[in-house]
Amino acid sequence: MIDEAILKNWFFTEIFPLDAALTRFIRRNWRNEADVADLRQDIYARIYASASERLPLQAKPFLYITARNHLINCAKRAKIVSFEHVADLDSLGFPHDAITPDRQLTAREELYRAQEGLNRLPPRCREVVMLRKIEGLSTRETSERLGVGIDTIEQQLVHGMRALVDFMLGGSGKIRRKAAKSRVSIKRKL
Amino acid sequence: MKSALSREHTAAAWLLRREEDGWSAGDGAQLEAWLDADPRNRIAFYRMQFGWQKVDRLAALREPGVPTRVHSSRRWWGRRGFGPGFAIAASLALGAIIVWQLGLLERHTYTTAVGARSEVPLADGTKIELNTDTRLRAEVNANSRTVWLENGEAYFDVAHDATRPFVVHGGTRDITVLGTKFSVRREGDRVEVVVVEGRVRVDDLSASPDRTMVITRGDIAVSQGVVLKVTHSEEHAVDELSWRRGMLTFNEMTLVDAAAEFNRYNHKQLVVVDPRAAGVHIGGSFDATNVEAFVRLLRQGFGLTVEEEGNVIRISR
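Conventions and cut-offs
Within any chain, residue numbers begin from 1 and follow the written order of that chain's sequence. As they are written, the chains are lettered A onward and the ligands numbered 1 onward, keeping that order. Local features in this predicted model are restricted to residues of pLDDT 70 or higher, and side-chain atom pairs are both shown and tallied only at a pLDDT of 80 or more, whereas totals for entire chains, interfaces and linings draw on every residue. The axes are straight lines fitted to the C-alpha atoms, using for helices just the contacting stretch, and the angles between their N-to-C directions are given from 0 to 180°. Helix numbers and strand numbers start at the N terminus; a helix is a DSSP run of H or I with at least 4 residues, a strand a run of E with at least 2. An angle below 35 degrees is treated as roughly parallel, one above 145 as roughly antiparallel, one from 65 to 115 as roughly perpendicular, and anything else as oblique. Contacts here follow a simple rule: the backbone-placed C-beta atoms of the two residues must lie within 7 Å. In the scheme used here, Gly and all other residues not listed as nonpolar or charged are polar, with Ala, Val, Leu, Ile, Met, Phe, Trp, Tyr, Cys and Pro taken as nonpolar and Asp, Glu, Lys and Arg as charged. When DSSP finds two or more bridges between a pair of strands, those strands are recorded as paired. Confidence per residue, as judged by the predictor, is encoded in pLDDT with a range of 0 to 100. By our criterion, buried Ala, Val, Leu, Ile, Met, Phe, Trp, Tyr and Cys residues that link up through C-beta atoms within 7 Å make up a nonpolar core. Counting other C-beta atoms within 10 Å of a residue's C-beta gives its exposure: the residue is buried at 20 or more, exposed at 12 or fewer, and partly exposed in between, where C-beta atoms are placed from the backbone. For a helix, the expected span equals 1.5 Å multiplied by the residue count minus one. Left-handed describes a crossing whose near helix is turned anticlockwise from the far helix by less than a right angle; the clockwise case is right-handed.

Some remarks on the packing of helix 3 (residues 36–51) of chain A against helix 3 (residues 39–55) of chain B
Working step 1: Relative orientation of the contacting elements helix 3 of chain A and helix 3 of chain B amounts to 105 degrees, with a least axis distance of 9 Å. On the basis of the axis angle, helix 3 of chain A is roughly perpendicular to helix 3 of chain B. Residues Gln41(A), Tyr44(A), Ala45(A), Tyr48(A) and Ala49(A) of helix 3 of chain A form the contact with helix 3 of chain B, whose participating residues are Pro39(B), Arg40(B), Ile43(B) and Ala44(B).
Working step 2: Among the residues making up the contact of helix 3 of chain A with helix 3 of chain B, the classes are represented as 7 nonpolar, 1 polar and 1 charged.

Overview of the sheet that holds strand 15 (residues 269–272) of chain B
Note: strands within a sheet are paired through backbone hydrogen bonds, in either parallel or antiparallel orientation.
Residue and element names in this part refer to chain B.
Working step 1: Across the sheet, which stays open at both edges, the 3 strands sit in the order 15-18-17 with mixed pairing between neighbours. The open sheet terminates on both sides in strands that have one partner only, identified here as strand 15 and strand 17 (305–309). This sheet shows a mean twist of 25 degrees between the axes of neighbouring strands, independent of strand direction.
Working step 2: Both strand 15 and strand 18 (residues 312–316) contribute to a ladder of 4 bridges, which runs parallel. Bridge assignment links Leu 270 to a residue of strand 18, and that residue is Ile 313.
Working step 3: Helix-sheet contacts for helix 8 (residues 291–300) involve strand 15, strand 17 and strand 18, and the interaxial angle to strand 17 is about 145 degrees.

Quick notes on the confidence of the model for chain B
Residue and element names in this part refer to chain B.
Working step 1: Chain-level statistics for chain B give a pLDDT mean of 80 and a share of 82% at 70 or above.
Working step 2: Counting contacts from residues 73–105, a segment whose pLDDT is below 50, to residues more than four positions away or on other chains yields 31 contacts.
Working step 3: The ipTM assigned to the predicted complex is 0.86, against a pTM of 0.51.

Examining the nonpolar core
Working step 1: Ranked by internal contacts, the top residues of the largest apolar core, which has 58 residues, are Met161(A), Leu164(A) and Met48(B).
Working step 2: At 9 residues, helix 10 (residues 150–168) of chain A tops the list of elements feeding residues into this core.
Working step 3: Those residues in contact with Met161(A) that lie beyond four places of it in its chain are Ala12(B), Leu16(B), Met48(B) and Trp52(B).
Working step 4: If you look at the next biggest cluster of nonpolar residues, it comprises 51 residues, including Ile128(B), Phe156(B), Val168(B) and Val193(B).

Digging into helix 3 of chain A
Working step 1: For helix 3 of chain A, spanning 16 residues, the distance from its first C-alpha to its last is 22 Å, which sits close to the expected 22 Å at 1.5 Å a residue.
Working step 2: Three or more residues of helix 3 of chain A are buried, namely Ala37(A), Leu39(A), Arg40(A), Gln41(A), Asp42(A), Ile43(A), Tyr44(A), Ile47(A) and Ala51(A).

Regarding the packing of helix 2 (residues 19–29) of chain A against helix 3 of chain A
Two quantities define a packed helix pair, namely the angle between the helix axes and the distance between the axes.
Residues and elements named next belong to chain A.
Working step 1: It is at 10 Å that the axes of helix 2 and helix 3 come closest, and there the two elements cross at 125 degrees. By the criterion of interaxial angle, the relationship of helix 2 to helix 3 is oblique. Considering only the axes of helix 2 and helix 3, their crossing is right-handed. Contact residues: helix 2 offers Leu 22, Thr 23, Ile 26 and Arg 27, while helix 3 offers Val 36, Leu 39, Arg 40 and Ile 43.
Working step 2: Residues of the contact of helix 2 with helix 3, tallied by class, amount to 5 nonpolar, 1 polar and 2 charged.

Below you can see the structure in the form of structure tokens.
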């Protein structure tokens, strides 16, 4: 078994930088846009399971093979994709062509990207995130500063964090409120 | 079945909660249970953490010279907004870019002998004060500032530069600076962090998933093995840093602990051989390298017996 800290580090340095490329790959090869986040999550879970036994020597081909096999399995099981589509997947070619990582951003480019992500947030959400990340205020301090309830601040932060993380990893940076309905609330200690 | 998006939502809520001041061991256990419940939970949490760290770049906007591209949103809450730090002068933009490109690579090892202290400036303007018998390496480059504290104790007065995170590695603990003055002391796997100003994040890399704690002014965090303990006392924090003036300050400390402190600064070693003497409590400030004066106090003030032989001073009742 691989130690959890090593596994986590491997995900941070080898796998997550390929997140945008993986998402593109899924999107290109799967018809239903609504399934993308679930498929990505399941692919990561498969990778996590194998990597916790032994770390693959090369992350990129391993990610590609896992993603490809998962899509083929899902397509067969769901019978929602035509046989031709599966054949396409099989003939996609060499692993290094299938998942093309984005160039690593410099610190300055990441800063600009984060700012662009902020600009895409609704104004209230943007302000709450700015107070957190720029001024370093806690949820309670933000709540006091703005005269708004802690729960509201927390919700805004959760939405803002998800949208910004999505944007930093190459997504559209849009807030997805639908999932909020099924949220699990975590008990807050005051 | 839970969808990836609702899992992501829960992961985000945990991550935010963990950054808050009131985070407790009980909260940690709850998070642990959630992470263990399903590998997809863990992955969602890690992925969120990975992305959120990238958003940390925004801290660069604390600097007045960094050009911001963010639209102001102050009117939406009907309050006054962010203060002068966010007012951007276009003329400063050029300066900021030049500073960025000056990130020269620099890596050095610094050491001090027993009883010595020294102050070293880093290329980014950070000042490090090394206490007795200390060894550390420091690297400053265009993207990051990193210090490895191999042994001993050091005080950091970190220059603001949020585009280059400042991280101190001390064994299995990582101390990430959120703009601040603080000290770190390392003896083997025991790591102590004292914060004088600002905030510091302590990551315990030995725990899985690693634990994080944000400590602020007046907090003293001590970690050893699996234990991470935080106490708050501004007075005590000041005492802990009296070495910067060459002094040791004891606040009702037992003689055994006080002797151990002196022994860090002197070749002449104090050994408490009598358990009845070991429990004597000592208070006050002492010159760290003047062990003779301390021994005189023990003999005259506390009536203890002192025998000196070579570099060893034995203390008994």
